[in-house]
Structure formats: C-alpha cells, structure tokens
Amino acid sequence: MSKAIELAKHLETLHINNMYKEDFYWTWDKTGEELDAVFTVADALRDLRERNISTRVFDSGLGISIFRDNSTRTRFSFASACNLLGLAVQDLDEKKSQIAHGETVRETANMVSFMADVIGIRDDMYIGEGHKYQKTFMDAVKEGYRDGILEQQPTLVNLQCDVDHPTQCMADLLHVIHHFGGVENLKGKKIAMSWAYSPSYGKPLSVPQGVVGLFTRFGMDVVLAHPEGYDIMPDVEDVARKNAAASGGTFSKTHSMAEAFQDADIVYPKSWASFAAMEERTKLYAAGDQAGIDQLEKRLLAENAQHKDWACTEEMMAKTKNGSGLYLHCLPADITGLSCDEGEVDNSVFDRYLVPLYKQASYKPYIIAAMIFLAKVKDPARALMALESRGQLRKAF
C-alpha cells in the first residue's frame, strides 16, 4: 500500500465536511481534525508528486493571487500549488488595474472571479486592515455567486494578513512534525518564538502570532520572547493561552532571549514591530501623514538599535537542548555579516541550518495545495485514491 493510500484512509476517519467550499482565514478557526486533514493531504500530494503521479483534479480553472505586499516564497508557493492541482494562475497587479481609477473592492472581486476557483490574498502591512480587506473581498464574491453573477464560488486562502500567516505556520509545523518523527512526538517539546534585532522596521506580526496560535494546539511548551514594548496582539495571546490549556501544553512570555532559548527543542528568532507601533503606523497612513510616517520610522529604528543583543548567535544556540535545537525562519532572514552588518542571526548559524531551512520552505506549496484541495473537492479521500489508481504520469521519461 502506497503512502498516499495510507494517508487517504486516515483522511476518511476525520470529520472535515465543513471544509468543503469554505475559506481559510486563521488556523484557530479550524478544528484539530481539520488541521490534521491539511497536513494529511499535503503529505499525500507530496508523495504522489515524488512518484511522478499527476495530482491534477482540475482540467481548467483559475487561481487568482493578490499580493499587496512583496513576496517570493509565498507567491511562488501559491503558483506551484495551483499548478499542481491543474489550475492556471493570474496575479492581480493593482498598479495595472482600474483600482487606481476608483474601482471598488466589490467590483474588483467580481470582475476577477468569473472563472476562478480559488483566491489567495496577502495583505499584512496594516493592523486592522489586512483581514478586513480579505473579508470584504470574499463577502463580495459570495454575494456575486448568490446573485448569479459568478458560475462558481471561489474560496479564499489567506496568504498572510495582519493577524495570521496560516500557510507559513502550517508549513513550519509540518516540517517540525517530520523532523521529530510524528505529531505524537511534539507534546512537551519547547519552542522559543523570539523577537530578534533587524536593521529595518515594520515587519508584520502575523508570523509570531501564527506560531503561538498554532503550536500551542499540540501540547508544546511555547515561549514568546521579546524586549519590553514589542508585544503582539492581546487577542492572539488569549488564543494561545486557551489552546495550551486545552492541549496540555503551556504558553508563557519572557523578556529574556536567553531564558527562552534555554533547553529549547526549537527556536524561531525573527523581528517584528510592536502591536502599538503598527497601530500608530496604520493611522498615519490612513491620514496620509508622510512626515509622521518618516518620524515614526526613525523612532522605531532607534528603538530596535537598543536591542542588538537579541540575536541568534552561536552562544545563544548552545543554550538549546543538547546545543542542537532546530532553527526555524520564514525567510528572508537578516544575516549578520552577509545580508547586513548586524541582524537576526549569525552567518555561521544560518549556514549550518541552510538545508533544513530550505526543507521547511518546501512544505508551503503542499500546504497551500491541501487547503485548496479540501475546499474544492467534495470527497478528498476518494479523490486521492482515484489519483493513485489512475496513476497518470506527469511526464514521460
């Protein structure tokens, strides 16, 4: 029996009917079985592709990508995921659209969705705006479907908003699951989600928020570390506490990077802006106050510079479990001595973990494909078995 068939049989045991035709906003909106289903389908699709078996469940259709912030990994992961399933991809470049001429979100949503099956949106720059934009866009799509404008109802995959980055964090967790030999081995593992110094400012909160909101669901000991004042959203901290209580894990906070790294099985040192600073920036942009924005940037860069000791150094990594904790990063990292003079991680540490980091990133196309698969395929277990049975090669060689 192939790995894909074994995974499909496991999928049959899960209660996941609510995923069909539904959007994927935040991981904490999904049940434990639904998260299990995403990991299961991702692994099954990867197994099929590694054996050169076609995973195309569409013979036509479109995936629309809307990136309101720059992206490399997520942009190409979305395109790869759509192609893996048989969908073409069209990126909406707002600079080349009629949005500049006053086209509304409601109008744009319907105009780009005529033959679309999935919409991936990244809008992570402004607190209170990213998720709001995604919701407004998809509400308009649903209205268009109800009114008979659209022949089908596209579903959303959140490619990062101001609150969560589900495709990244689920890819991170799937990497961790495989690294430790199974999800059952995660309970009791310590992960340090730590702020780290960056010579730039304004990095989104969604990765640290996504990590603490997801990893706490698996009985892990999740430590959020940052200098005073670099808090994440209070609502997400509440989610993490509730998840930890339900899973038998823990969620704690510290203002010491060394304390967080001590005996950690996994470390995730990454820079982010404080919740308060992101709120302030959002208000300044809304007001069109460029002078205020420039002043805020200078202030935040100065604040960051006070915490250059928050870096993932060899000394810091030596504090991890047996001195060999797993290093994670969503990339690109600010690498001391390579991409910047002083940054999040020492070049020697980053270079030593280069292969695991690339493996970590490699799970994202499959996670996105799994999200699409579960939203668009009514009987996903049967569909996986049919792909295996059909055995159509991707190409002849």
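Everything numeric here is computed off the predicted structure, so don't read it as measured data.

*Asks:* Help me understand the pairing of strand E6 (residues 221-225) in this model?
*Replies:* Two faces, one strand: in a regular strand the side chains alternate between the faces of the sheet. Burial within E6 is extensive, with 4 of its 5 residues counted as buried. One ladder, built from 5 bridges, connects strand E5 (residues 190-195) with E6; its direction is parallel. Bridging from a neighbouring strand, Ile191 pairs with Val222 of E6. Taken together, E5, helix H7 (residues 206-215) and E6 constitute a β-α-β crossover, and its handedness is right-handed. Bridging between E6 and strand E7 (residues 250-254) involves 5 bridges; their strand directions are parallel. By the bridge assignment for E7, Val223 is matched with Ser252. Once the chain exits E6 it traverses helix H8 (residues 234-247) before rejoining the sheet at E7, and the crossover so formed is right-handed.

*Asks:* What is the right way to read the packing of aromatic side chains from this model?
*Replies:* How two aromatic rings sit relative to each other is given by the distance of their centres and the angle of their planes. For the structure on display, the rule yields 7 aromatic pairs. Each residue in the set Trp195, Tyr230 and Trp310 is aromatic and connected to the rest through ring pairs, giving one cluster. The ring of Tyr133 has Arg68 sitting right over it, with the charged end atom 3.8 Å from the ring centre. Positioned over the ring face of Phe67 is Arg75, at 4.5 Å from the centre of the ring.

*Asks:* Could you clarify how one ought to interpret the sheet that holds strand E2 (residues 88-91) in this entry?
*Replies:* Paired through backbone hydrogen bonds, the strands of a sheet run either parallel or antiparallel to each other. Taken together, the 4 strands give an open sheet; going across it, the order is E2-E1-E3-E4, and neighbouring strands pair in parallel fashion. Strands with a single pairing partner mark the edges of an open sheet, and in this sheet they are E2 and strand E4 (155-161). Mean inter-strand twist for the sheet, computed between neighbouring axes without regard to direction, equals 20°. Where strand E3 (residues 116-123) and E4 come together, 6 bridges link them in parallel fashion. When the bridges of E4 are listed, Ile121 appears paired with Asn158. Along the sheet, helix H5 (residues 130-146) contacts strand E1 (62-67), E3 and E4; its crossing angle with E4, the most-contacted strand, is approximately 165°.

*Asks:* Would you take a moment to explain the environment of His226 for this structure?
*Replies:* Position of His226 among the secondary structure elements: in the loop between E6 and H8. On the accessibility criterion, His226 (1% relative accessible area) is buried.

*Asks:* Explain helix H2 (residues 32-50) to me, please; I cannot follow it from the model alone.
*Replies:* Turn by turn, an α-helix covers 3.6 residues, leaving residues three or four places apart pointing in a common direction. The first and last C-alpha atoms of H2 sit 27 Å apart over 19 residues, in line with the 27 Å expected at 1.5 Å per residue. Counted residue by residue, H2 has 14 buried out of 19 residues, so it is predominantly covered.

*Asks:* It is not clear to me how helix H3 (residues 73-85) should be interpreted in this structure. Could you clarify?
*Replies:* Under the 1.5 Å per step criterion, the end-to-end length of H3 is 18 Å for 13 residues, consistent within 8% with the ideal 18 Å. The set of residues buried in H3 consists of Thr74, Ser77, Phe78, Ala81, Cys82, Leu84 and Leu85. Along H3, the residues classed as buried sweep out an arc of 160° about the axis, all on the same side. At the exit of H3 stands Gly86, carrying a positive phi of roughly 100°.

*Asks:* Teacher, can you tell me more about the pairing of strand E8 (residues 266-270) here?
*Replies:* The element E8 is extensively covered by neighbouring structure, given that 5 of its 5 residues are classed as buried. Residues Ile266, Tyr268 and Lys270 point to one face of E8 and Val267 and Pro269 to the other, with burial holding for every one of them. As judged from the 5 bridges shared by E5 and E8, these two strands associate in the parallel manner. Within the sheet, the bridge partner assigned to Ser194 lies in E8 and is Pro269. Note that E8 and strand E9 (residues 326-327) share 2 bridges and pair parallel. Paired with Ile266 across the two strands is Leu326, which belongs to E9.

*Asks:* In this structure, what is going on with the side chain of Ser2? I would like to understand it.
*Replies:* By the secondary structure assignment, Ser2 is in the segment before helix H1 (3-12). Exposure remark for Ser2: the relative accessible area of 17% places this residue in the buried category. Within the local environment of Ser2, its side chain forms a polar contact with the backbone nitrogen of Ile5, the two atoms lying 3.2 Å apart. Those residues in contact with Ser2, other than ones at most four positions away along the chain, are Arg51 and Glu388.

*Asks:* Would you explain unusual backbone geometry in this entry?
*Replies:* Comment: phi is negative for the bulk of residues other than glycine, and the bulk of peptide bonds are trans. Note that the residue after Leu331, namely Pro332, is joined by a cis bond; omega there is 0°. Here Pro332 is to be found in the loop between E9 and strand E10 (335-336). Even without glycine at this site, Asn52 takes up a positive phi of about 65°. On the secondary structure map, Asn52 appears in the loop between H2 and E1. You can call Asn52 buried: its relative accessible area is 9%.

*Asks:* Honestly, the sheet that holds E8 in this entry has me stumped. Any pointers?
*Replies:* Read from one edge of the open sheet, 5 strands run E7-E6-E5-E8-E9, paired in parallel fashion. In this open sheet, the two edge strands, each paired with only one partner strand, are E7 and E9. Across the sheet, H8 lies against E6 and E7, angled at about 140° from E7, the strand it touches most.

Parameters and conventions
Residues numbered from 1 in each chain as written. Predicted model: local features only at pLDDT ≥ 70, side-chain atom pairs only at ≥ 80, totals over all residues. Heavy atoms only, no water. Buried < 20%, exposed > 50% of the residue type's maximum accessible area, 1.4 Å probe, protein only. Helix = DSSP H or I, 4+ residues; strand = E, 2+ residues; numbered from the N terminus. Pairing = 2+ DSSP bridges. Right-handed = clockwise from strand over helix to strand, strands pointing away. Phe/Tyr/Trp six-rings, centres within 6.5 Å; stacked < 30°, edge-to-face > 60°. Lys NZ or Arg CZ within 6 Å of the ring centre and 35° of its normal. Axes fitted to C-alpha atoms, helices over the stretch in contact; angles between N-to-C directions. Contact = heavy atoms within 4.5 Å. Expected span 1.5 Å × (residues − 1). Arc of directions from axis to C-beta. Polar contact = N/O pair within 3.5 Å; in protein donor to acceptor, adjacent residues only side chain to side chain.

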